[in-house]
Each structure stands twice: as C-alpha cells, then as structure tokens.
Amino acid sequence: MIINNVRLVLEQEVVAGSLEIRDGRIASFSDSVSQLPGALDGENAFLLPGLVELHTDNLDKFFTPRPKVDWPVHSAMSSHDALMVSSGITTVLDAIGVGDVRDGGHRLDNLTKMIDAIQDSNRKGINRADHHLHLRCELPHNTTLPLFEALMNTPELSLVSLMDHSPGQRQYASLEMYRTYYQGKYQLSDEQMDQFEREQLALAAEFSTPNRNAISSLCRSRGIPLASHDDATAAHVAESHDVGSAIAEFPTTLEAARASRECGMQVLMGAPNIVRGGSHSGNVAAAQLASHGLLDILSSDYYPASLLDAVFRLVADERNTLTLPQAAALVTRNPAQAIGLHDRGRIAEGLRADLVLAHTDHGHSHIRHVWSQGKLVF
C-alpha cells in the first residue's frame, strides 16, 4: 500500500512526499506524490515512525480500575493495548513493579496476571502494539530479589530499572512531598505515617544496596538493559553507572542529568512533565533539560497520550531549539536503540512499517491513523 501526500518526519528533515509499505516493512519513500490509484491520501499530515514507550504502568490501571476491583484479564489487556495504539505507541514496555507489596498481596497477584496476559496475548498474536516487559525493582524490600530471580528469564523482559522510593532522598528528598503522597495513597493517619516512614527507612538500610548489586549483576550476565531511577546527585549517578545502567530514568536535578550524560547514560524524562509544564513532584522540568541539550528519551509514564503531545510542544517551545525530527527521535529512534531494537524507530527502507499519521490542526496534535508492521491498527 502507499501512503500519499504526507510530510515524512525523517531523521534529519521533514520531506513532503509518499511512502510504500510491503510485507510489513517500509519498501520505499519518496519526496514526490504518487500518482497510483488507490493510494491513501494523508492530507498533508505528518507521518512519523511508531512511538516507542519504555516505561508505562498503564496496564495496572486496567487490571485494577478501582480499589478492590479485579478486571477480567483478557478485557484488561485488550483495553490497554487499544489505548497504546490510539496514542501512537506501536512498541511498549509494560512496566510492572517487583517488591514493595503493601496492600495484602494484591499487586503481587496482579504481577503474575499481567505478565501472563502479555505472554498469552503475544503468543496468540492478538495485540496490535508490540508488547515487552519492564521490571521496576523496588530495592528496599526483602521480596524484591527472589521475585526478580523468578522472573528474570521471561523472554519478553527488555528492561530493568532499579528504584528506591524511601523517604528523604531521590524523588522524595522533600519529606513533606513524601508524606503527602503516601498519606493520600494509603489513607494513613499522622501516627500511622510516622510508623510507615520509620519502616521504609529501616528496609532501605537493610536491603537497598545488596539488592542493587545482586540484580544489576544478574542483568549484566544476561545482557538485559539496566536503568537507574530518580537519581538526584552526582553520587547517585556514579553508583548507577558503576552497576551498569545505560538509561537514567527521571533524574530529579539538573546536576544528576548532566552527570548521567557525562557517564554515557541516556537521560529519560516524563512526557507529562512537558505537557504540564513541570514535574508534579517539584523536581527539575524536562523542558529545562531539553534546553540544556540533556534530554534523550521521553516516556508517557502514567498518561499515554502525552508522548506525541510532548513532541509538538517541545518544537513549539521558544526556549528550545529542537526541530521536529530531533523531538520525534526522543520517542522513536532513541528509545528503540537504547534497548537494542534496531529494526524500528526510523523511517528507512527495510525497517518495520510502524507508523503514525498525525496532524496539528487547531493547535493540538491529533492522530488519524496508526500502522503496526504495515497493518492499520487505528
């Protein structure tokens, strides 16, 4: 098939022309309009590579749409997959938490259900997006290492991140922000919150360092890409680099982002941070890192539609000098290459025909169509 009359977002430029798909791959593209009958008229919209999402916990929301509500597995997976492709995401790493089970085992039950759902739907070929697994390992817990060891040979596993959400450091350097978040999440009284905080500090002191060292060693021996999480200082970054992290997820300060780049780590920030104009936790703004040339990858995190929206917002932001190809690379080429998926993320002959047709009429980005391996999925 031929997608005609589009603005092709290539690696270095945007070119008006057309693109041909054959056997699920990009067969060719041209800077001219095709005259062949039956070509799809793109109506001068932008044609981008399919978006690549490295860190979203969106799947969990469909399995537990409300507290104490378990949704049927097939329906949850199908609905999540539909939201991914409707957001332009054709490759997604579903991020699932390991460790830190505070709700009577509910999240632990969901962990197995979600991984089984990813594997089963992949095996049956019913997903529209290409689903992989990202294990988010909460280090300050005794359950984390045994759970990881049980899951580390899962074929879909494409990324592991090492997290420490204990109070007084990283994302929660502000104890006020920490207390506000967890008291709201678990409906804790002040007295209960004091006890919870003491317990988390004790767990971190006992388990964070040995778990970090053990899990990172297992990842290195298996060639699994490793990411840090919420690094705030140069010392945090050095620790992450020493254990082999290649991606710095959500550094909370300019200092940490700069140190990560100097160590050769790719800096990943949240697209919602761009859309909202800053971090909901009061940390460094992603747009600020972009203005310093310190932004490599964007993740939709908790809001899938933010990924494409953030691309066009960055281009429109007068504080930055990013071109559309450069901004698009943050959600296509860069995340794909960071985890070794070299068959996608660019418009180039022979690569997967994962494509997004979008326009910016009326001042907002809107997705018209999405193709996954040449199949129209939205």
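Residues numbered from 1 in each chain as written. Predicted model: local features only at pLDDT ≥ 70, side-chain atom pairs only at ≥ 80, totals over all residues. Heavy atoms only, no water.

Enquirer: Help me understand the overall build of the protein in this model?
Expert: The number of helices and strands found in the protein is 13 helices and 16 strands. A compact globule built from 378 residues should have a C-alpha radius of gyration of about 21 Å, and the protein, at 21 Å, falls within 12% of that. Each principal axis of the C-alpha atoms in the protein carries an extent, and together these give about 70 × 45 × 40 Å. When burial is assessed residue by residue, the protein has 54% of its 378 residues classed as buried. For the protein, the accessible surface area stands at approximately 16,200 Å², while carbon and sulfur atoms represent 50% of it. (Helix = DSSP H or I, 4+ residues; strand = E, 2+ residues; numbered from the N terminus. Rg over C-alpha atoms; globule rule 2.2 N^0.38 Å. Buried < 20%, exposed > 50% of the residue type's maximum accessible area, 1.4 Å probe, protein only. Areas by Shrake-Rupley, 256 points an atom, 1.4 Å probe, with all protein chains shown as cover.)

Enquirer: Which parts of the structure should I look at to understand helix α6 (residues 190-222)?
Expert: Spacing of three or four residues puts side chains on the same side of an α-helix, whose turn is 3.6 residues. Its axis deflected by about 40° at F207, α6 carries its strongest bend there, up to four residues before the proline P210. Immediately beyond the C-terminal end of α6, within one or two residues, lies G223, with a positive phi of roughly 70°. (Bend = angle between axes of the 7 residues up to and from the residue.)

Enquirer: Honestly, empty space enclosed by the protein in this entry has me stumped. Any pointers?
Expert: A water-sized probe rolled over the atoms picks out the places where empty space is left. Tallying each qualifying case throughout the model produces two cavities of 30 Å³ or more. In this structure, the largest cavity encloses a volume near 80 Å³. Lining the largest cavity are V9, L10, E11, P49, P325, A328, A329, T332, R333, G345, R346 and I347. Per-element accounting of the lining of the largest cavity gives the leading share, three residues, to helix α12 (residues 324-329). (1 Å grid on protein atoms, 1.4 Å probe; cavity = no way out; pocket = protein on both sides within 12 Å on 5 of 7 lines; lining within 4 Å. Points joined across faces, edges and corners; volume = space filled by probe spheres on them.)

Enquirer: When you look at the nonpolar core in this model, what are you seeing that I'm missing?
Expert: Most often, soluble globular proteins have nonpolar side chains that are buried together. Ranked by internal contacts, the top residues of the largest apolar core, which has 37 residues, are M269 and L298. With six residues, helix α11 (residues 306-316) is the largest single contributor of residues to this core. Within the second largest apolar cluster, 29 residues are counted, among which are I115, I118, M152 and I215. (Core = buried A, V, L, I, M, F, W, Y, C linked by side-chain atoms within 4.5 Å.)

Enquirer: Is there a simple way to think about the sheet that holds strand β8 (residues 130-138) in this case?
Expert: Sheet strands pair via backbone hydrogen bonds, and the direction of the pair is either parallel or antiparallel. Taken in spatial order, the eight strands of this open sheet run β6-β7-β8-β9-β10-β11-β12-β13, and their pairing is parallel. Pairing within the sheet leaves two strands with one partner each, and these edge strands are β6 (51-56) and β13 (297-299). Neighbour to neighbour, the strand axes of the sheet diverge by 25° on average, direction disregarded. Bridge count for strand β11 (residues 247-249) against strand β12 (residues 266-270) is three bridges, and the pairing is parallel. Within β12, the residue paired with A248 across the bridge is V267. (Pairing = 2+ DSSP bridges. Axes fitted to C-alpha atoms, helices over the stretch in contact; angles between N-to-C directions.)

Enquirer: Explain the pattern of salt bridges here, please?
Expert: It is possible for side chains bearing opposite charge to pair when their charged atoms get close. This structure, assessed with the given rule, holds 15 salt bridges. D81 is paired through a salt bridge with R128; the nearest N and O atoms lie 3.7 Å apart. Note that D81 is positioned in helix α2 (residues 73-86) and R128 in the loop between α3 (106-124) and β8, a separation of 47 residues in sequence. The exposure class of D81 is buried, given its relative accessible area of 2%. (Salt bridge = Lys/Arg side-chain N within 4 Å of Asp/Glu carboxyl O.)

Enquirer: What is the right way to read the pairing of strand β9 (residues 157-163) from this model?
Expert: Looking along a regular strand, one sees side chains alternate from face to face of the sheet. Along β9, seven of the seven residues are buried, which leaves the element largely enclosed by surrounding structure. Here β8 runs beside β9; their pairing, made up of six bridges, is parallel. Bridge pairing in β9 links L133 to L157. Assessed by its sense of winding, the connection that carries the chain from β8 through helix α4 (residues 144-151) to β9 is right-handed. Pairing of β9 with strand β10 (residues 226-229) involves two bridges; the strand directions are parallel. By the bridge assignment for β10, S161 is matched with A227. (Right-handed = clockwise from strand over helix to strand, strands pointing away.)

Enquirer: What am I meant to see in the packing of aromatic side chains here?
Expert: How two aromatic rings sit relative to each other is set out by the distance from centre to centre and by the angle between their planes. Tallied over the entire structure, the rule returns one aromatic pair. Ring plane angle 50° and centroid distance 5.6 Å describe the contact between F46 and F312, whose orientation is recorded as tilted. Of the two residues, F46 sits in strand β5 (residues 46-49) while F312 sits in helix α11, which places them 266 residues apart along the sequence. With relative accessibility at 9%, the residue F46 sits in the buried group. Cation over ring: R7 sits above F46, and NZ or CZ is 3.9 Å from the ring centre. (Phe/Tyr/Trp six-rings, centres within 6.5 Å; stacked < 30°, edge-to-face > 60°. Lys NZ or Arg CZ within 6 Å of the ring centre and 35° of its normal.)

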